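# What the coordinates show
Given next are the chains, with one letter for each unit.
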Amino acid sequence: MNPLALDLNEQLSKSNPEIADMLSDLGKLMYYPKGILSQSAEAKATKYNATIGMATYSNKKMYADTLNNVFGELEPDEIFPYSPPQGIEPLRDLWQEKMLKENPDLNKTDMTRPIITNALTHGLSLVGDMFVNSGDTILLPTHNWGNYKLVYSTRHSAVFETYDIFDENGNYTTDALVNTLANYNKDKVVLILNYPNNPTGYTPTKDQVNQIVTAIKDLAERGTNVIALVDDAYYGLFYEDVYTQSLFTALTNLQLKNLLPIRLDGATKEFFAWGLRVGFITFGVNDETAKSVLEAKVKGMIRSNISSGPMPSQNAVKYVLEHNETFDQEIQHNIDTLQARYEVTKDVVYDEKYKPYWQPYEFNSGYFMAVQVKGVDPETLRTHLIENYSIGIIALNKTDIRIAFSCVEKEDIPHVFDSIAKAIAELQN
Ligand SMILES: Cc1ncc(COP(=O)(O)O)c(C=O)c1O
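Residues numbered from 1 in each chain as written. Predicted model: local features only at pLDDT ≥ 70, side-chain atom pairs only at ≥ 80, totals over all residues. Heavy atoms only, no water.

### Details of the site of the ligand
Taken together, 13 residues form the shell around the ligand, and within it Thr-121, Asn-198, Asp-231, Tyr-234 and Thr-268 come nearest. In this structure, Thr-268 approaches the ligand through a side-chain N or O atom, which is 2.6 Å from an oxygen atom. When the free accessible area of the ligand is taken as 400 Å², the share hidden by the protein chains comes to 92%. The cavity where the ligand resides is the largest pocket. (Near = heavy atom within 4 Å. Polar contact = N/O pair within 3.5 Å; in protein donor to acceptor, adjacent residues only side chain to side chain. Areas by Shrake-Rupley, 256 points an atom, 1.4 Å probe, with all protein chains shown as cover. 1 Å grid on protein atoms, 1.4 Å probe; cavity = no way out; pocket = protein on both sides within 12 Å on 5 of 7 lines; lining within 4 Å. Sits in = over half its atoms within 2 Å of the grid points.)

Here it is as structure tokens:
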């Protein structure tokens, strides 16, 4: 059991032993992680808060005006009634059209219509309910989003196995994944594939995608049942020549019976609409029976947890997909803003003068980048930066920190990294 859960249980046993006894097994296992959210809360008052998974200007969130103005446009019937558990049908179709447009290699017949979720975390949890048993293996990169642990390990008692996606020089590599899959000998695996990656901001190139897909194909052909969960939270935020279709497309096109590609994506990051809670779950299958059974089961899962998603948010996303001329330009403007910040970040972090302080992990997309710091403890550095430099960063583990360039103005980026270098130098001495 996680030490934080143990501590909560102990506190409750002392104050209210009866309630402690009433907790289910899951209730006993649950805790609130000391992860990104609590580190973000501690950085709230900093001048440069590079902790959060949103995109901001120095004085406001980065959003699209069309989406901000949409709520005045909706009819009462688009706000107040219940949505069906699977979400409103026109939005499902519009999102499917969007997917097909952005993924020219994907065939409409090889996928289910996207089912609407209460954003991506809900989709992750639905996948857990549908496919993950106690003891199942979840295979994912060492650099991964912390919440997967709560969703799959705490809620479903899955076992996590990780592989590195960077070599000792910080360059992306598929070697460890390929080796891990080549040596995998159980009959079932859940792969989490998240690119652009949180926390490192890396998306594979076309060649690297081919290596990943071939390794997965070989494993499935050897007989392992492979559930390939493609977490496309940051889809579309690409700043270099990378594979810009979803890995879901490449995997779906393999057409293997024992490989089930599942795509999770949504408005959260793609439309700069974190609080709307609109996401989608799509299965890469072409058999009509499988399609309708999977849809019925997901509908039952939704009916039995949130019952149905929020109607105003779904209609807001539907509206911008239907009135997309200005909206698309607004989103592109935001992506361009992030791209400009990415470029400055890249210039700064690879500067020779910072070599004594950190080694960057290769990055080319998304909101974040991460560096391995030299000779300091990331947690000590994090608090030192808040207290002395009014800078918020995330301490990821014993060696790495994450910086959200999505939350730092382009002009401020050199100052932020220079301050991080100064702070490291101070702590090294
Ligand atoms: C990799 C990744 N997946 C999923 C999510 C969750 O997205 P949502 O807010 O839509 O639940 C996040 C959010 O930070 C994320 O970084």
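And the narrative resumes.
### Examining the sheet that holds strand S2 (residues 115–117)
As summarised here, the arrangement of the seven strands in space is S2-S8-S7-S6-S5-S3-S4, forming an open sheet in which the pairing is mixed. In this open sheet, the two strands that pair with only one neighbour each are S2 and strand S4 (159–163). Adjacent strand axes in the sheet meet at a mean angle of 25° when their direction is disregarded. In this structure, S2 lies alongside strand S8 (residues 279–283), joined through three bridges in antiparallel fashion. Across the sheet, Ile-116 pairs through a bridge with Phe-280, a residue of S8. (Pairing = 2+ DSSP bridges. Helix = DSSP H or I, 4+ residues; strand = E, 2+ residues; numbered from the N terminus. Axes fitted to C-alpha atoms, helices over the stretch in contact; angles between N-to-C directions.)

### Let's talk about the pattern of salt bridges
Evaluation of the coordinates by the stated rule reveals 20 salt bridges. Residues Glu-322 and Lys-318 are paired through a salt bridge, measuring 3.7 Å at the closest nitrogen-oxygen approach. Residue Glu-322 and its partner Lys-318 are located together in helix H14 (residues 311–322), separated by four residues, close to a single helical turn. Judged by its relative accessible area of 43%, Glu-322 is partly exposed. The closest approach of N and O atoms between Glu-352 and Lys-355, which form a salt bridge, is 3.6 Å. With a relative accessible area of 49%, Lys-355 lands in the partly exposed category. Beyond isolated ion pairs, a larger network of salt bridges with shared partners links Glu-89, Arg-92, Asp-93, Arg-113 and Glu-295. (Salt bridge = Lys/Arg side-chain N within 4 Å of Asp/Glu carboxyl O. Buried < 20%, exposed > 50% of the residue type's maximum accessible area, 1.4 Å probe, protein only.)

### A short note on the packing of helix H15 (residues 324–349) against helix H17 (residues 413–428)
Two elements in contact, H15 and H17, have axes separated by 9 Å at closest approach and are oriented at 35°. H15 and H17 meet at a crossing whose hand is right-handed. Of H17, the residues touching H15 (which contributes Arg-341, Val-344, Thr-345, Val-348 and Val-349) are Ile-413, Pro-414 and Phe-417. Residues of the contact of H15 with H17, tallied by class, amount to six nonpolar, one polar and one charged. (Left-handed = near helix turned anticlockwise from the far one by under 90°. Contact = heavy atoms within 4.5 Å. Nonpolar A, V, L, I, M, F, W, Y, C, P; charged D, E, K, R; others polar.)

### Some remarks on helix H13 (residues 288–303)
Taking 1.5 Å of rise per residue, the 16 residues of H13 would be expected to cover 22 Å, and the 22 Å separating its terminal C-alpha atoms lies within 8% of that figure. Of the residues making up H13, those classed as buried are Lys-291, Leu-294, Val-298 and Ile-302. For H13, the arc enclosing every buried residue in end-on projection is 75°, short of the 170-degree limit, so these residues lie on one face. Across from the buried face of H13, at angles greater than 90 degrees, the exposed residues are Thr-289 and Arg-303. A distance of 3.0 Å separates the backbone nitrogen of Thr-289 from a side-chain oxygen at the start of H13, and that oxygen is part of Asp-287. (Expected span 1.5 Å × (residues − 1). Arc of directions from axis to C-beta.)

### Quick notes on the layout of surface pockets
Rolled over the atoms, a probe with the dimensions of a water molecule shows which regions are left empty. Its boundaries defined by the atoms lining it, the largest pocket holds a volume of some 1400 Å³. As for the largest pocket, its lining consists of 47 residues, and the residues nearest its centre are Ile-36, Leu-37, Trp-145, Gly-146 and Asn-147. Counting residues per element, the ones that place at least two in the lining of the largest pocket are helix H4 (36–42), helix H7 (120–131), helix H8 (147–156), S4, helix H12 (267–270) and strand S12 (394–395). Here the lining of the largest pocket is composed, by residue class, of 23 nonpolar, 17 polar and seven charged. Computed from the structure, the second largest pocket encloses a volume of approximately 520 Å³. When residues of the lining of the second largest pocket are traced back to their parent elements, those giving at least two are helix H6 (89–102), H14 and H15. In terms of residue count, H15 provides more of the lining of the second largest pocket than any other element does, six residues in total. Grouping the constituent residues of the lining of the second largest pocket by class yields ten nonpolar, three polar and six charged. (Points joined across faces, edges and corners; volume = space filled by probe spheres on them.)

No statement about biological role is implied by the geometric values presented.
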